[in-house]
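Here are the chains, one letter per residue:
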Amino acid sequence: MEHSQRITIAIDGFSACGKSTLAKALAKKLDYVFIDSGSMYRCVALYAIENKLFDESGKPDSTKIIEALSKIQISFKKIPESFSNKVFLNEQDVSEKIRMANVASIVSDIATIAEVRSFLVSQQQALGKNGGIIMDGRDVGTVVFPAAELKIFVTADPKVRAKRRFLEQQAKGSSETIEEVRSNLAHRDHLDLTRAIGPLKQAEDAVVLDNSDLSEIEQLEFALKLVGSRIHKAV
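A few points on the structure. (Residues numbered from 1 in each chain as written. Predicted model: local features only at pLDDT ≥ 70, side-chain atom pairs only at ≥ 80, totals over all residues. Heavy atoms only, no water.)

Across the two faces of strand β8 (residues 207-210) the burial differs, with V207 and L209 buried and V208 and D210 not buried at all. Strand direction decides the pairing type here: strand β7 (residues 150-155) and β8, joined by four bridges, are parallel. In the sheet register, T155 faces β8, and the bridge partner there is D210. (Buried < 20%, exposed > 50% of the residue type's maximum accessible area, 1.4 Å probe, protein only. Helix = DSSP H or I, 4+ residues; strand = E, 2+ residues; numbered from the N terminus. Pairing = 2+ DSSP bridges.)

This is the structure in structure tokens:
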């Protein structure tokens with residue numbers, strides 16, 4: 001599916017609702033660049049873990065993390081066959097590390113730090129300045145790319161999301177129980193929805209996609225129709 005007009009597509013939604021799956025499929029179909037904005041926050045969380053940037057209570061220490069931002073370099077290497085990216089933290093491939101449970105357990109806390117969000121949003125905006133990009137996250141349509149030609153807000157039933165994340169973690173060898181997954185997702189939802197800076201919020205002009213009962217093919221077809229209509233309007 002090729003179009004001369006290359007738009008910016010922002011996909012927001014809850015954790016484990018299939019945002020990245022949809023974004024990757026769209027990128028492959030449209031030959032666009034896919035950027036998982038959440039992976040950038042996960043890189044900061046991983047850096048905090050590996051460098052023990054925690055306070056006495058065991059929570060991420062915002063002061064130490066802010067001071068360390070200048071030492072954090074995040075880059076992506078495109079994998080053509082999957083239209084996804086390898087994620088590098090200070091030149092080390094951390095694509096698998098950032099998906100582990102210890103990172104997931106603190107990433108929303110990291111994302112509440114205003115200076116971290118400002119640091120990463122500026123990088124995200126630079127990556128998408130020329131269009132032809134699909135980015136997923138929590139505030140892509142509201143903060144990172146408020147002028148994106150297409151915004152999709154993805155959601156799904158919490159039980160469906162928990163099962164998806166549980167199976168994903170199991171495949172990676174995690175011993176996390178389904179109850180722990182549900183608890184972690186509920187905690188992340190609360191933090192994402194209530195944080196003062198860049199909260200998870202549906203943009204006014206976003207199209208809602210509830211994929212609880214949709215197959216990956218069905219949600220891709222739904223999104224492709226939206227892309228076609230937006231490109232037609234942009235031309």
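Picking up where we left off.
To continue, consider the sheet that holds β7. One open sheet holds the five strands; their spatial order is β2-β6-β1-β7-β8, and the pairing between them is parallel. Each of the sheet's edge strands pairs with one partner strand only, and the pair in question is β2 (33-36) and β8. On average, adjacent strands in this sheet sit at an angle of 20° to one another, irrespective of strand direction. When strand β1 (residues 8-13) meets strand β6 (residues 133-137), the two strands line up parallel, connected through five bridges. Bridging across to β6, A10 finds its partner in M135. With respect to the sheet, helix α2 (residues 37-50) is in contact with β2 and β6, its orientation differing from that of β2 by roughly 40°. (Axes fitted to C-alpha atoms, helices over the stretch in contact; angles between N-to-C directions. Contact = heavy atoms within 4.5 Å.)

Among the secondary structure elements, A27 is positioned in helix α1 (residues 19-30). On the accessibility criterion, A27 (0% relative accessible area) is buried. Remark: the alpha-carbon pair of A27 and I133, spanning 106 residues in sequence, is separated by 7.8 Å.

With phi around 55°, K52 is a residue other than glycine that occupies positive phi space. Structurally, K52 is set in the loop between α2 and α3 (62-68). Positive phi outside glycine occurs at N90, with the angle close to 50°. When you line up the elements, N90 lands in the loop between β4 (84-89) and β5 (92-93).

Where helix α7 (residues 158-171) meets helix α8 (residues 178-194), the closest approach of the two axes is 9 Å, and the angle between their N-to-C directions is 120°. The orientation of α7 with respect to α8, classified from their angle, is oblique. For the element pair α7 and α8, the recorded crossing hand is right-handed. Residues R161, A162, K163, R165 and F166 of α7 form the contact with α8, whose participating residues are I178, V181, R182, L185, R188 and D189. Across the contact of α7 with α8, the residue classes tally to five nonpolar, no polar and six charged. (Parallel < 35°, antiparallel > 145°, perpendicular 65-115°, else oblique. Left-handed = near helix turned anticlockwise from the far one by under 90°. Nonpolar A, V, L, I, M, F, W, Y, C, P; charged D, E, K, R; others polar.)

Of all hydrophobic cores here, the largest spans 35 residues; its most connected members are I65, I74, L89, I110 and V116. Every element with two or more residues in this core is listed here: α2, α3, β4, α4 (101-111), α5 (114-127), β6 and α6 (140-144). For this core, the leading source of residues is α2, giving eight residues. If you look at the next biggest cluster of nonpolar residues, it comprises 24 residues, including I7, I11, A156 and L209. (Core = buried A, V, L, I, M, F, W, Y, C linked by side-chain atoms within 4.5 Å.)

Right, let's talk about the pairing of β7 for a bit. Of all the six residues making up β7, six are buried; the element is thus mostly covered by neighbouring parts of the structure. Residues L150, I152 and V154 point to one face of β7 and K151, F153 and T155 to the other, with burial holding for every one of them. The pairing of β1 with β7 spans five bridges and is parallel. The residue of β7 that forms the bridge with A10 is K151.

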